[in-house]
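As a plain string of letters, each chain reads:
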Amino acid sequence: MRLNKFIASATGLSRRAADDAISHNRVLVNNKAPSSGQQIGPDDAVTLDGDVLKQPQSTRTIIFNKPAGYVTSRDGQGNRTIYDLLPDDMHTLKPVGRLDKHSSGLLLMTTDGDLAHKLTHPSFKKQKVYQVTLDKPLQPLHRQMISDYGVTLYDGPSKLELERIRDGSETEWQVNMHEGRNRQIRRTFEALGYGVTSLHRTQFGDFFLDDLKLGEYKLQ
């Protein structure tokens, strides 16, 4: 295992942050300064700031119901982060994908790299379901464009499956999708002149939010 991956898995840091720690001489391997890209074996001793690092013995996964107003990262750059809502022993878990600051709902967090890969790699086409509220009624022509033809964005066409959440409501929609581009749902509606006033994820692959309350989590 590469050294930066070893550190990230043991501490919950990003690989970039692990590389930064290595470059600032905070990491030792067998009491020596490591080389760039060094491989770590089972008999190697790795320390960060003098603390011995160990790989987690088993994987851990939670479903977290993220409230709006929190960013999905460790460094909030002045913003509140999801880790402010989780106990310390959950801080090694990494989010699978992201929800932007103003979005809420199902956020998977895990130490299982294989699970994260299977959920996020485009080849697996995992379904994601969102409840979306618009700032004005969606016109039938625009609904057809989104569902049947797709809306052209700077990073390619965006096609979403739309279903009404409530009969008679043209502002509340369930969105089904298999992609995961940055702010794709918001950008799709914005391209047609609509604002998304709330966006709440309820399903990611085989994981469901069910009746979990905002700010709470459950083990998987």
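Our structure's up above, just so we're on the same page.
Anyway, here's the lowdown on the structure attached to this text. For clarity, every value in this text was computed on a predicted model and none was experimentally measured. Counting of residues starts from 1 at the beginning of each chain's written sequence and follows it residue by residue. This being a predicted model, a pLDDT of at least 70 is required before a residue's local features are given, and a value of 80 or more before pairs of side-chain atoms are given or counted; all residues contribute to the totals for chains, interfaces and linings. Computation of side-chain values covers all heavy atoms of the structure but excludes hydrogens and water.

Right, let's talk about the overall build of the protein chain for a bit. Helix numbers and strand numbers start at the N terminus; a helix is a DSSP run of H or I with at least 4 residues, a strand a run of E with at least 2. Helix and strand counts for the protein chain stand at 5 helices and 14 strands. When its C-alpha atoms are laid out on the principal axes, the protein chain stretches across 65 × 35 × 35 Å. The proportion of buried residues among the 220 residues of the protein chain is 41%. Any two residues whose heavy atoms approach within 4.5 Å at even a single point are treated as in contact. For the protein chain, the proportion of contacts with a sequence separation of at least 24, taken over those separated by at least 6, is 62%. Surface exposure of the protein chain reaches about 12,400 Å², of which carbon and sulfur atoms provide 47%. The charge count treats Lys and Arg as positive and Asp and Glu as negative. His and the chain ends do not count. Taken as the charge location is NZ of Lys, CZ of Arg, CG of Asp or CD of Glu. Each charge class in the protein chain can be summarised by its mean position, and for the 30 positive and 27 negative side chains these summaries are 3 Å apart. Type-normalised accessible area, obtained with a 1.4 Å probe on protein chains alone, sets the label of each residue: buried when under 20%, exposed when over 50%, and partly exposed for intermediate values. The accessible surface values rely on the Shrake-Rupley method and a 1.4 Å probe; as for residues, cover is taken only from the protein chains in view.

On to the sheet that holds strand β2 (residues 46-48), then. Adjacent strands of a sheet form backbone hydrogen bonds with each other and so pair up, either parallel or antiparallel. Strand pairing is assigned whenever DSSP detects at least two bridges linking the two strands. If you trace the 3 strands from one edge of the open sheet to the other, you get β1-β2-β3, paired in antiparallel fashion. Lying at the two open borders of the sheet, with one neighbouring strand each, are β1 (27-29) and β3 (51-52). By the bridge criterion, 2 bridges tie β2 to β3 in an arrangement that is antiparallel. Each bridged residue has a counterpart across the sheet, and for Leu48 the counterpart in β3 is Asp51.

Attention shifts here to the packing of helix α1 (residues 3-11) against helix α2 (residues 15-23). Direction vectors running N to C along α1 and α2 enclose 115°, while the axes themselves pass 8 Å from each other. Our classification of the angle between α1 and α2 gives roughly perpendicular. In the crossing of α1 with α2, the sense of the turn from one axis to the other is right-handed. Residue-level contacts link Leu3, Asn4, Lys5, Ile7 and Ala8 of α1 to Arg15, Ala18, Asp19 and Ile22 of α2. Between N-to-C directions, angles cover 0 to 180 degrees, with each direction set by a line fitted to C-alpha atoms, over the stretch in contact for helices. Relative orientations are named as follows: roughly parallel for angles under 35 degrees, roughly antiparallel for angles over 145 degrees, roughly perpendicular for angles from 65 to 115 degrees, and oblique for any other angle. Handedness of a helix crossing follows the sense of rotation of the near helix relative to the far helix, less than a right angle counterclockwise being left-handed and clockwise being right-handed.

Moving on, we come to the environment of Asp75. Of note, Asp75 is situated in the loop between β4 (61-66) and β5 (94-95). Each C-alpha atom of the pair Asp75 and Trp173 lies 32 Å from the other, and the pair is 98 residues apart in sequence.

No statement about biological role is implied by the geometric values presented.
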